[in-house]
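What the coordinates show
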Amino acid sequence: MRAAVLALALAAPAWGADPVAQVPPGSVVRWPGDAIESCARGQATWPPLDGACYYPVDMLEGEGVVELARTRGGERESVSIRVGSYPYPVQSLTLPKEKVDLSPESLARVQRESRDIGRLWARTGDRRFELPLHPPLDPLPAGGRVGSRRIINGQPKNPHSGAEYSAAAGRPVLAAADGVVALADDHFFAGNSVFLDHGDGLVSMYFHMSEIAVKEGQEVRRGQVVGKVGSTGRATGPHLHFGLRWRRARVDPALLLSDPRGLPEIR
């Protein structure tokens, strides 16, 4: 087994991580190289993409050391990276009481929807996307807060794992890549929602839409309209929540909407 040399060049200095060995949760690490046969973390393996291995790090990953691996020429190579802490900003919101203090009926609905959504993370299939992904709005507004620790009606909640883009109601919402509609429904928190399966464990999510333009099981193409911006579900006004899960990990969507060569990289 060969050990790689770790030299991470972080794309976002504001992360405040050690540029030699540390990345924040919610990031994606890139390990390029010639003749890569497979990439691995733990028991999971997958093929390289455009001459590199990509390792998503979940936004709720705890601080500590993570081992990454790949195979070249029949020989396994490994490297360890350190996952640091995330400097979560705090966002305070005031919402209708019934959207925060749930009735038994609403709680049962939320739990049912959570189970339905949870089944999507195990989906597998051939990769149908390329990087960078297509922006969900064109042009894509500035902003896209990710990782805010929310205080809603005075109650601390989990960090927000998607990007929020302010946009006028009715603006077209666009598919990030080719794929299939894994789920399209009205959800208690997310409102009118679409989940697209792009293969290789990548699922994109579009929340709070005023209307849905696709149906479950439908094939979609990169840039295709999947709905319109709205304020359904638990929302304070028109905007798009755009989220990504890659091999179960919640990652900052901005990283996959940009040139992948700007990602933290192992050399």
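Since this is a predicted model, take the numbers as computed values, not measurements.

1. Digging into the state of the cysteines
Scanning all chains against the criterion turns up 1 disulfide. At a sulfur-sulfur separation of 2.0 Å, the disulfide partner of Cys39 is Cys53. The S-S bond linking Cys39 to Cys53 shows a torsion near -85 degrees; that makes this disulfide left-handed. With Cys39 in strand β4 (residues 36–41) and Cys53 in strand β6 (residues 52–56), the pair connects residues that are 14 residues apart, well separated along the chain. Judged on exposure class, the residue Cys39 and its partner Cys53 are both buried.

2. Considering the packing of aromatic side chains
Enumeration according to the criterion identifies 7 aromatic pairs in this entry. Each ring, one from Phe129 and one from Trp246, has its centre 5.7 Å from the other, and the planes form 80 degrees; the classification is edge-to-face. With a gap of 117 residues between them, Phe129 in the loop between α1 (104–118) and β10 (149–152) and Trp246 in strand β20 (residues 239–246) connect regions that are remote in the sequence. Look at Phe129 and you get buried, because its relative accessible area is 7%. Classification of Trp246 by relative accessible area gives buried; the value is 1%. Among the aromatic residues, those joined into a ring-pair cluster are Trp31, Trp46 and Tyr55. Above the plane of the ring of Trp46 lies Arg247, whose end atom (NZ or CZ) is 3.9 Å from the centre.

3. What about the layout of surface pockets?
Of the voids in this model, the second largest pocket is the one considered here, and its volume is about 340 Å³. The wall of the second largest pocket is formed by 18 residues, among which Ala44, Trp46, Trp246, Arg247 and Arg248 lie closest to the centre. Here the lining of the second largest pocket gets 3 residues from one element, more than from any other, and that element is strand β5 (residues 44–46). Residues that form the lining of the second largest pocket fall into these classes: 7 nonpolar, 4 polar and 7 charged.

4. Overview of the side chain of Glu77
Note that Glu77 resides in strand β8 (residues 75–83). Exposure remark for Glu77: the relative accessible area of 5% places this residue in the buried category. Of the polar contacts made by the side chain of Glu77, one reaches the side chain of Arg70; its length is 2.7 Å. Separated by 3.2 Å, the side chains of Glu77 and Arg72 make a polar contact.

5. A look at the sheet that holds strand β13 (residues 172–174)
Read from one edge to the other, the open sheet built from 3 strands follows the order β13-β19-β17, with strand pairing classed as antiparallel. Edge strands, defined here as strands with exactly one partner in the open sheet, are β13 and β17 (211–212).

6. Section: the environment of Ala163
Relative to the elements of secondary structure, Ala163 occurs in strand β12 (residues 163–166). On the basis of relative accessibility, which here comes to 1%, the residue Ala163 falls in the buried class. On a C-alpha basis, the gap between Ala163 and Phe242 in space is 5.2 Å, while along the polypeptide they are 79 residues apart.

7. So, the pattern of salt bridges
Counting across every chain of the model gives 15 salt bridges. Across the pair Arg30 and Glu265 runs a salt bridge whose closest N-O atoms are separated by 2.6 Å. Linking Arg30 in strand β3 (residues 28–32) with Glu265 in the segment after α2 (253–256), this pair joins segments that are 235 residues apart in sequence. When sorted by exposure, Arg30 lands in the same class as Glu265, which is buried. With a shortest N-O distance of 3.7 Å, Arg109 and Asp186 are connected by a salt bridge. Of this pair, Arg109 sits in helix α1 while Asp186 is found in strand β14 (residues 179–187), placing the two residues 77 residues apart along the sequence. The network of salt bridges with shared partners includes Arg30, Glu265 and Arg267.

8. Observations concerning the pairing of β8
The pairing of strand β2 (residues 22–23) with β8 spans 2 bridges and is classified as parallel. Within β8, the position partnered with Val23 by the bridge is Val83. In this structure, strand β7 (residues 64–72) lies alongside β8, joined through 9 bridges in antiparallel fashion. Opposite Val65, over in β8, you have Arg82 as the bridge partner. Where β7 folds back on β8, the antiparallel hairpin that results is connected by 2 residues, among which Gly73 adopts a positive phi of roughly 60 degrees.

Rules used throughout
- Residues numbered from 1 in each chain as written.
- Predicted model: local features only at pLDDT ≥ 70, side-chain atom pairs only at ≥ 80, totals over all residues.
- Heavy atoms only, no water.
- Disulfide = S-S within 2.5 Å.
- Helix = DSSP H or I, 4+ residues; strand = E, 2+ residues; numbered from the N terminus.
- Buried < 20%, exposed > 50% of the residue type's maximum accessible area, 1.4 Å probe, protein only.
- Phe/Tyr/Trp six-rings, centres within 6.5 Å; stacked < 30°, edge-to-face > 60°.
- Lys NZ or Arg CZ within 6 Å of the ring centre and 35° of its normal.
- 1 Å grid on protein atoms, 1.4 Å probe; cavity = no way out; pocket = protein on both sides within 12 Å on 5 of 7 lines; lining within 4 Å.
- Points joined across faces, edges and corners; volume = space filled by probe spheres on them.
- Nonpolar A, V, L, I, M, F, W, Y, C, P; charged D, E, K, R; others polar.
- Polar contact = N/O pair within 3.5 Å; in protein donor to acceptor, adjacent residues only side chain to side chain.
- Pairing = 2+ DSSP bridges.
- Salt bridge = Lys/Arg side-chain N within 4 Å of Asp/Glu carboxyl O.

Such coordinate-based values are descriptive only and should not be taken to indicate function.
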